[in-house]
Amino acid sequence: MTTYSADYFTPRFSLGQLVITSGARKALTDEELILSISRHLRGDWGELCKRDCQNNEKALQNSGQLFSVYIASNTRFWIITEADRSATTILLPDEY
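*Asks:* Tell me about the packing of aromatic side chains, and please be specific about residues and values.
*Replies:* Under the criterion given, the structure shown has 4 aromatic pairs. Between F67 and W78, the aromatic rings sit 5.2 Å apart at their centres with planes inclined by 70°, giving edge-to-face as the arrangement. Residue F67 is located in strand β2 (residues 66-72), and its partner W78 is located in strand β3 (residues 75-81); the two are separated by 11 residues in the primary sequence. For W78, a relative accessible area of 17% gives the class buried. Each residue in the set F67, W78 and Y96 is aromatic and connected to the rest through ring pairs, giving one cluster.

Pasting the structure below:
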């Protein structure tokens, strides 16, 4: 059995307005979206390299853009939170 501290479930930042592109909406299930948004909020950046994860950690402290990459339903997708935390977009890479 895995035990988690309460901090594990605490969001590390605000999403702002949540937006999803039509391609991402068609490709992903509700459950996959909820899980990935939850991971993004906790600072689990998904399939990023170590350097990009470190850049996100710095961006949390310096109000920079946050970027996560996930794979679900054999689909690679991104979650991007704007530097001012006004909006978060879920999209497929070819929709960027």
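Still to come is the rest of the account.
*Asks:* Tell me about the pairing of β2, and please be specific about residues and values.
*Replies:* With 5 of 7 residues buried, β2 is to be regarded as a mostly interior element. Of the strand pairs in this sheet, β2 and β3 are connected by 7 bridges, and their pairing is antiparallel. Looking at β3, one finds that Y70 is bridged to F77. Two successive antiparallel strands, β2 and β3, enclose a turn made up of 2 residues, where S73 displays a positive phi of approximately 50°.

*Asks:* Which residues make up helix α2 (residues 30-42), and what are the values?
*Replies:* The end-to-end C-alpha distance of α2, which contains 13 residues, comes to 18 Å, matching closely the 18 Å that a straight helix rising 1.5 Å per residue would cover. Residues of α2 that are buried: E32, L33, S36, I37, H40, L41 and R42.

*Asks:* Kindly report on the side chain of H40, identifying the contributing residues and their values.
*Replies:* With respect to the helices, strands and loops of the structure, H40 is situated in helix α2. Among the residues examined, H40 registers a relative accessible area of 0% and is labelled buried. Setting aside anything within four residues of it in sequence, one finds H40 in contact with F13, L15, W45, L66, F67, S68, Y70, I79, T81 and T88.

*Asks:* With reference to specific residues and values, describe the sheet that holds strand β1 (residues 17-20).
*Replies:* Sheet architecture is open: 4 strands sit in the order β1-β4-β3-β2, paired in mixed fashion. Two strands bound the open sheet, and with one partner strand each, they are β1 and β2. Strand-to-strand, the axes of this sheet are offset by a mean angle of 15°, without reference to chain direction. Of the strands in this sheet, β1, β2, β3 and β4 (87-91) touch α2, which is tilted by about 145° from β2.

*Asks:* I'd like to hear about helix α3 (residues 50-62), residue by residue, with values.
*Replies:* With 13 residues, α3 ought to run about 18 Å at 1.5 Å a step, and its terminal C-alpha atoms sit 18 Å apart, in line with that. Where α3 terminates, the next one or two residues include S63, which has phi positive at roughly 55°.

*Asks:* Describe the side chain of E32, listing the residues and the values that go with them.
*Replies:* Structurally, E32 can be placed in helix α2. Side-chain polar atoms of E32 contact the side chain of S73, separated by 2.5 Å. Apart from residues no more than four positions distant in its own chain, E32 is found in contact with A27, A72 and S73.

What counts and what doesn't
- Residues numbered from 1 in each chain as written.
- Predicted model: local features only at pLDDT ≥ 70, side-chain atom pairs only at ≥ 80, totals over all residues.
- Heavy atoms only, no water.
- Phe/Tyr/Trp six-rings, centres within 6.5 Å; stacked < 30°, edge-to-face > 60°.
- Helix = DSSP H or I, 4+ residues; strand = E, 2+ residues; numbered from the N terminus.
- Buried < 20%, exposed > 50% of the residue type's maximum accessible area, 1.4 Å probe, protein only.
- Pairing = 2+ DSSP bridges.
- Expected span 1.5 Å × (residues − 1).
- Contact = heavy atoms within 4.5 Å.
- Axes fitted to C-alpha atoms, helices over the stretch in contact; angles between N-to-C directions.
- Polar contact = N/O pair within 3.5 Å; in protein donor to acceptor, adjacent residues only side chain to side chain.

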